Structure formats: structure tokens, C-alpha cells
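Listed here are the chains, written in short residue letters.
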Amino acid sequence: EGSKVFDVVVTLDPEDRREPEEIGAFLLRNAEGTRVPLRELADVELTTGRYSVLHEGARPVQAVTCNVGGRDLASFVSEAERVVNRRVVFPAGVYAVFKGAAEAKAQAQRDLLLNSAIAGVGIVLLLWLVFQSPRSVLLVLVNLPFALVGGILAVALSGGSLSLGSLVGFVTLFGITMRNSMMLISHYEHLVAVEGMAWGPEAALRGASERLVPVLMTALVTALGLLPLALGAGTPGREIEGPMAIVILGGLLTSTALNLLVLPSLALRYARFDRAAGGARLE
């Protein structure tokens, strides 16, 4: 194209590349329809080896790629590593490294778990500052297993693959469910410390009934917002949002129900709210 030069790589069939003279005789047609042999446009010679050798850190690299379908990427890479290490014998100085999307996903999962652990410690400290009682903090945290049950069931029903989006969904789900349990426990403290109710079945029932609407509205609005993402989880571009929405929806279903049914019973059985101090203790 004028004075411009473009690099072109063509791989021919074995029967068409036996002799350089045969390749040079191939006729090419330009835009005007004129046919010219390849030898007039390129230097054709016989050599050995690849036309290009990839290097990484001054070491030659041979890349082998594949697309994974019908299963999750992590399990495929794990099985591939196991099979290659067991069956393939490499010469001295040659070894296999599994990189790409699988390595990036594993690193992202490690970073997410580390950051979530740090955030979890901070959240527990903030709960301690708010409630001033380890017993109240435990009652708030007991809602996490309620959410975990629904999230695991949602992952199992959607294919059983714990992806990066699923882990993000669990982190988000734990935050939503802890807010619901905090609303309930703090309202119990308000009924006892401010309104002067005696802690017992009547106070537990009243607190749960008065927090029914706020908890249900929080769960319902979140579920309606995430429902389109969950329904289109398999479409391209939603590899993160789809699994995340599925986990949150499943966890909200169990945590909301158990938060309103089981948590009041646990608080009634173990907690004793102090009217004077406005806190909670376990007996």
C-alpha cells in the first residue's frame, strides 16, 4: 500500500510447502486483478525453527492456550496441572507454568479474602464500640451463618462453582445481613433502656414485629435490584455480577427469615438486657 510495509504470516498446508521454489511460484492477485508470483514480492528461503520465539525474562517461552467450556476455570487448571506434572517429562531446564486468567483469578481471590478479613476485624471493633458488650456483638454476628446457608445453596443450585463473583457476593451479603441483625438487637436495647420494658417474651415479640417491615423492605429492595443480574448470569459481560447477585439473593432469603424467627429466640434465651446500662449480657 504505497510505501507502507505490513508484516504477514501465512501457514500453508504441508503438501504446499515442500520446496521454496514451489512457494515462490504462487500467484497473488492485487486490487487491479494483476497476478504476480510471490517471489517478486518476498524473499522465499528455507530455514528451520519458528518464525518468532517468545521470550520472558530472557528465557524462551512456548505458549499453549485453550478455552474452557462446561466447567469452572479453577478446577480445570487444577486438573491440568496434576495431569501434566504426572504424565509429561520435560527435558532439563524446561518446566510448565500455568498462567493467564486462572492465575489472575487466584490472585484476585487471595486479595479479596485478605481485604475482607481486615475489614471484618474493623467491623467487629466498631460493633464493640456501639454495643459495649461482647454478648451483643455475638448476637449480631450469629446472623452470618444464616446468610451463609442460603448463599451456599444458591451456589450449589446454580452450578456449584465458587467464582470471584460469588466471593464478592458473600462479602456484600454479610454486610446486609449484619445490618438487619444490628437493627433488631439495638431495638431490643431501646425497648428496655428507653421505653422501660421488662426483657421477656413480650419485649422479644414486640421488637421483632416492629422491625419486620424495615428488614423486609431492605431485603426486598435489594432483591428486586439484583434480580435482573441473577436472571442473566450466563450472558457475556456478567461473569462477576451474575454469580454475585445469585449469592446475595439466596443468602437474603434464608437470613431474612431466620433473622426474624430464630434470632429473637436466641436473644430471649441467652441475652438479658440491662435497663440501667442500656446494654446486653448473656446468662
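Read on for a plain summary of the structure. (Residues numbered from 1 in each chain as written. Predicted model: local features only at pLDDT ≥ 70, side-chain atom pairs only at ≥ 80, totals over all residues. Heavy atoms only, no water.)

## Observations regarding the environment of Asn143
Now for step 1: In this fold, Asn143 is placed in helix α5 (residues 143-157).
Now for step 2: Note on Asn143: relative accessible area 0%, which makes it buried.
Now for step 3: Measuring from C-alpha to C-alpha, the distance between Asn143 and Phe174 comes to 8.4 Å, with 31 residues separating the pair along the chain.
Now for step 4: Not counting residues within four places of it along the chain, the set of residues in contact with Asn143 comprises Thr177, Ser181, Ser255 and Asn259. (Helix = DSSP H or I, 4+ residues; strand = E, 2+ residues; numbered from the N terminus. Buried < 20%, exposed > 50% of the residue type's maximum accessible area, 1.4 Å probe, protein only. Contact = heavy atoms within 4.5 Å.)

## A short note on the packing of aromatic side chains
Now for step 1: What the rule picks out here adds up to 2 aromatic pairs.
Now for step 2: Between Phe170 and Phe174 the ring centres are 6.2 Å apart and the planes differ by 45°, which places this aromatic pair in the tilted class. Of this pair, Phe170 and Phe174 both sit in helix α6 (residues 164-193), 4 residues apart, which is roughly one turn of the helix.
Now for step 3: Exposure remark for Phe170: the relative accessible area of 10% places this residue in the buried category.
Now for step 4: The class for Phe174 is partly exposed, based on a relative accessible area of 25%. (Phe/Tyr/Trp six-rings, centres within 6.5 Å; stacked < 30°, edge-to-face > 60°.)

## Brief notes about the side chain of Ser181
Now for step 1: Counting through the fold element by element, Ser181 comes out in helix α6.
Now for step 2: Here Ser181 is in contact with Val140, Asn143, Asn259 and Leu263, once residues within four sequence places are set aside.

## Re the packing of α6 against helix α8 (residues 212-231)
For any two helices packed against each other, one specifies the inter-axial angle together with the distance between the axes.
Now for step 1: At a minimum axis separation of 10 Å, α6 and α8 run at an interaxial angle of 165°. It follows from the interaxial angle that α6 and α8 lie roughly antiparallel. Once α6 is placed against α8, the crossing between them reads as right-handed. Facing α6, whose interface residues are Ile176, Arg179, Asn180 and Met183, α8 presents Pro214, Val215, Thr218 and Thr222.
Now for step 2: Among the residues forming the contact of α6 with α8, the class breakdown is 4 nonpolar, 3 polar and 1 charged. (Axes fitted to C-alpha atoms, helices over the stretch in contact; angles between N-to-C directions. Parallel < 35°, antiparallel > 145°, perpendicular 65-115°, else oblique. Left-handed = near helix turned anticlockwise from the far one by under 90°. Nonpolar A, V, L, I, M, F, W, Y, C, P; charged D, E, K, R; others polar.)

## With respect to the pattern of salt bridges
Note on pairing: side chains with opposite charge can pair once their charged atoms come close.
Now for step 1: Inspection of every chain in the model, using the stated rule, returns 2 salt bridges.
Now for step 2: Of the charged contacts, one joins Arg206 and Glu195 as a salt bridge, the two residues approaching to 2.6 Å between their closest N and O atoms. Taken together, the residues span a long stretch of sequence, with Arg206 in helix α7 (residues 201-210) and Glu195 in the loop between α6 and α7 at a distance of 11 residues.
Now for step 3: Since its relative accessible area comes to 29%, Arg206 is described here as partly exposed.
Now for step 4: What makes Glu195 partly exposed here is its relative accessible area of 38%.
Now for step 5: Between Glu210 and Arg206 there is a salt bridge, with its nearest N and O atoms 2.7 Å apart. A residue pair is termed a helical-turn pair when its members lie 3 or 4 positions apart in one helix, as Glu210 and Arg206 do in helix α7 at 4 residues.
Now for step 6: You can call Glu210 partly exposed: its relative accessible area is 32%. (Salt bridge = Lys/Arg side-chain N within 4 Å of Asp/Glu carboxyl O.)

## Quick word on the nonpolar core
Now for step 1: Leu127, Val140, Ile185, Tyr188, Trp199 and Phe273 are the most contacted members of the largest nonpolar core, which has 20 residues in total.
Now for step 2: For this core, the element with the highest residue contribution is α6, accounting for 6 residues.
Now for step 3: Among all residues touching Val140, those that are not within four sequence positions of it are Leu127, Phe131, Met178, Ser181, Met182 and Ile185.
Now for step 4: Counting 15 residues, the second largest nonpolar core, distinct from the first, contains Phe170, Met244, Ile246 and Ile248. (Core = buried A, V, L, I, M, F, W, Y, C linked by side-chain atoms within 4.5 Å.)

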